[in-house]
Amino acid sequence: QVQLVESGGGLVQAGGSLRLSCAASGRTASTYSMGWFRQAPGKEREFVAVIGWRGINTYYADSVKGRFTISRDYAKNTVYLQMNSVEPEDTAVYCCAASSGWYGSSWSQDDMHYWGKGTLVTVSS
């Protein structure tokens, strides 16, 4: 069992930066691939970024590539999403999720086994 708790959301102006954190607990949390998904108002949940359990492999959605960076700190059992040059279109509830597998360049919410409750990011224009 893995428990995930997100933090760091809030209101930010377009062009600004924000860092989201996901604290993971559970004996095997460090062996999971960790990802971020988001759901904007009136839209379906979509994949944002993922990092492998070794912290080497990463993959990003085209919409955030070059602006967002995912990383993980094993000592703190925490995954981060650094969001730079944010845009109003990035406004969404961001959820952290864990997967026991690695799916290369094709990720969906069905690949994830554990979820956090999410943190709201609002980008003002």
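(A) Structural view of the sheet that holds strand S7 (residues 68-73). Strand order in the open sheet formed by four strands is S1-S3-S8-S7, and the pairing between neighbours is antiparallel. Both outer strands of the open sheet, strand S1 (3-7) and S7, are each paired with one neighbouring strand and no more. Sheet twist, expressed as the average angle between the axes of neighbouring strands with direction ignored, equals 15°. Bridging between S1 and strand S3 (residues 18-25) involves five bridges; their strand directions are antiparallel. In the sheet register, Ser7 faces S3, and the bridge partner there is Ser21.

(B) The arrangement of the nonpolar core in detail. One finds Met34, Trp36, Leu81 and Tyr94 to be the most contacted residues of the largest nonpolar core, which totals 36 residues. Elements supplying a minimum of two residues to this core: S3, strand S4 (33-39), strand S5 (46-51), S7, strand S8 (78-83), strand S9 (92-99) and strand S11 (119-124).

Parameters at a glance
Residues numbered from 1 in each chain as written. Predicted model: local features only at pLDDT ≥ 70, side-chain atom pairs only at ≥ 80, totals over all residues. Heavy atoms only, no water. Pairing = 2+ DSSP bridges. Helix = DSSP H or I, 4+ residues; strand = E, 2+ residues; numbered from the N terminus. Axes fitted to C-alpha atoms, helices over the stretch in contact; angles between N-to-C directions. Core = buried A, V, L, I, M, F, W, Y, C linked by side-chain atoms within 4.5 Å. Buried < 20%, exposed > 50% of the residue type's maximum accessible area, 1.4 Å probe, protein only.

None of this, on its own, says anything about what the molecule does.
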